[in-house]
Amino acid sequence: MLNNLSSKLMMLLILSPLLSGCIFSADKLGIEEDYGIPGGLALACLRSTEYKEMILEIDYESGYEPNQETLNLLKQRLSDVCDKPEGITIDLQLTTFDNNGTWDADEVRDISKETREQSALNDGVLRWHYLFPGGKYSDNSVLGVAVDASTVAIFLDAVSDAENCILIICRPSAEEIEKSVTIHETGHLLGLVNIVYTSDIDHEDPSHPNHSSNEESVMYWAVETADIGNIISGELPNEFDAADISDLEKLASGELVAHSQLWIS
Ligand SMILES: [Zn+2]
């Protein structure tokens with residue numbers, strides 16, 4: 001217990017300066033032991049030793065239902081990397097969040113606890129929780145956040161503002177951004193990049209810790225920012241690249257060691 005706590009505190013000390021201004025609230029990282037840090041349930045997803053089934057609970061506010069294409073892609077990307085022989089199911093629910101329209105990481109955490117149907121680890125089922133609320137993050141340039149081991153929020157008002165339209169042509173469109181941001185935050189729940197492990201491939205952007213240096217990876221830092229349309233030229237990535245996939249495969253096999261796990265076997 002003590003060792004576990006000290007390693008979390010060490011992580012906190014190491015990550016705090018790196019993550020300020022990024023997607024995580026660094027001051028809270030790792031403090032809530034039950035909920036963990038992003039990547040804390042990576043092995044529970046990547047392996048099927050105990051959790052053979054996965055449910056993605058998608059809670060959205062009226063007017064903020066994610067596109068079916070986004071949900072299909074989310075399920076596909078997770079099916080590609082996680083071992084869930086009993087399947088991955090989407091549980092879509094219209095929800096009212098008790099919030100005034102401005103969010104921060106603590107509010108996402110607290111409201112997630114109030115609205116989730118079950119805890120993340122429950123009777124052989126791994127459950128990740130996605131919030132699609134109205135309103136924006138306190139930093140308006142943030143399109144999505146991963147706040148603990150199982151919780152993500154996507155801010156579709158900010159996603160709409162980030163689309164880049166000239167007359168009627170939008171590149172990227174809000175639909176494309178919604179897909180990419182959803183997969184990007186999911187990548188953080190899988191521990192990408194280097195959140196709960198150290199890759200044997202040099203693909204973390206030193207200027208943007210826990211993000212890929214490859215503009216063609218969905219884990220590229222700009223994917224979750226409002227300037228996405230100006231920074232990424234060409235098609236918006238919505239896939240993990242070869243280095244991301246390699247990390248996930250090696251975490252699954254044990255070749256790379258994962259720390260800060262809420263479940264390990
Ligand atoms: Zn990110």
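Our structure is the block above this text.
Everything numeric in this text was worked out from a predicted model, so none of it was measured. (Residues numbered from 1 in each chain as written. Predicted model: local features only at pLDDT ≥ 70, side-chain atom pairs only at ≥ 80, totals over all residues.)

Novice: Honestly, the overall build of the protein chain in this entry has me stumped. Any pointers?
Specialist: Summing up its helical and strand segments, the protein chain has 8 helices and 10 strands in all. Contacts in the protein chain between residues far apart in sequence, at least 24 positions, make up 70% of those at least 6 positions apart. (Helix = DSSP H or I, 4+ residues; strand = E, 2+ residues; numbered from the N terminus. Contact = placed C-beta atoms within 7 Å.)

Novice: Where do I start with helix H6 (residues 174-189) in this structure?
Specialist: Each turn of an α-helix holds 3.6 residues, which means side chains three or four residues apart point in the same direction. Taking 1.5 Å as the rise per residue, H6 with 16 residues should run 22 Å; its terminal C-alpha atoms sit 23 Å apart, in good agreement. Among the 16 residues of H6, 14 are classified as buried, and the element is accordingly described as predominantly covered. (Expected span 1.5 Å × (residues − 1). Buried ≥ 20, exposed ≤ 12 C-beta atoms within 10 Å, placed from the backbone.)

Novice: What should I look at first to understand the nonpolar core in this one?
Specialist: When a protein is soluble and globular, its nonpolar side chains tend to lie buried together. Counting 67 residues, the largest nonpolar core has Leu 41, Cys 45, Leu 143, Val 145 and Phe 155 as the members making the most contacts within it. Look past the residues within four positions of Cys 45 in its chain and what remains in contact with it is Met 54, Cys 82, Leu 126 and Leu 190. (Core = buried A, V, L, I, M, F, W, Y, C linked by C-beta atoms within 7 Å.)

Novice: Hey, could you run me through the pairing of strand E2 (residues 88-94) in this one?
Specialist: Regular strands place their side chains on alternate faces of the sheet. Pairing of strand E1 (residues 53-60) with E2, which is carried by 7 bridges, proceeds in the parallel orientation. From the neighbouring strand, Leu 56 faces E2, where its bridge partner is Ile 90. A crossover links E1 with its parallel partner E2, the connecting element being helix H3 (residues 68-81), and its sense is right-handed. (Pairing = 2+ DSSP bridges. Right-handed = clockwise from strand over helix to strand, strands pointing away.)

Novice: I keep staring at H3 and nothing clicks. Help me out?
Specialist: With 14 residues, H3 extends 21 Å between its outermost C-alpha atoms, agreeing within 8% with the 20 Å of an ideal straight helix rising 1.5 Å per residue. For H3, the full list of buried residues reads Thr 70, Leu 74, Arg 77 and Val 81. The buried residues of H3 all sit within an arc of 70 degrees when viewed along its axis, so they share a single face. Pointing more than 90 degrees away from the buried face of H3 are the exposed residues Gln 68, Glu 69, Asn 72, Gln 76 and Asp 80. (Arc of directions from axis to C-beta.)

Novice: So what exactly am I meant to see when it comes to the packing of H3 against H6 here?
Specialist: Any two packed helices are characterised by the angle at which their axes cross and by the distance between the axes. Packing of H3 against H6 brings their axes to within 9 Å, and their N-to-C directions diverge by 30 degrees. As the angle between them shows, H3 and H6 are arranged roughly parallel. Our pair here, H3 against H6, has a crossing hand that is right-handed. Two secondary-structure elements touch here, H3 through Glu 69, Thr 70, Leu 73, Leu 74, Arg 77 and Leu 78 and H6 through Glu 175, Glu 178, Lys 179, Thr 182, Ile 183 and Thr 186. (Axes fitted to C-alpha atoms, helices over the stretch in contact; angles between N-to-C directions. Parallel < 35°, antiparallel > 145°, perpendicular 65-115°, else oblique. Left-handed = near helix turned anticlockwise from the far one by under 90°.)

Novice: Just to check I follow, could you spell out the pairing of strand E8 (residues 151-154) for this structure?
Specialist: The two faces of E8 match: Thr 151 and Ala 153 on one face and Val 152 and Ile 154 on the other face are all buried. Sheet topology places strand E5 (residues 125-132) next to E8; 3 bridges connect them, and they run parallel. Bridging from a neighbouring strand, Leu 131 pairs with Ala 153 of E8. Taken together, the 3 bridges between strand E7 (residues 144-146) and E8 define a ladder with antiparallel strand orientation. For Ala 146, the partnering residue across the bridge sits in E8 and is Val 152. Connecting the antiparallel pair E7 and E8 is a turn made up of 4 residues.

Novice: Just checking my understanding: could you explain the environment of Asp 205 for this structure?
Specialist: Along the chain, Asp 205 falls in the loop between H6 and helix H7 (228-231). With 18 C-beta atoms counted inside 10 Å, the residue Asp 205 sits in the partly exposed group. Other than its neighbours up to four places away in sequence, Asp 205 contacts His 211, Ser 212, Ser 213 and Trp 221.

Read these as geometric descriptors, not functional statements.
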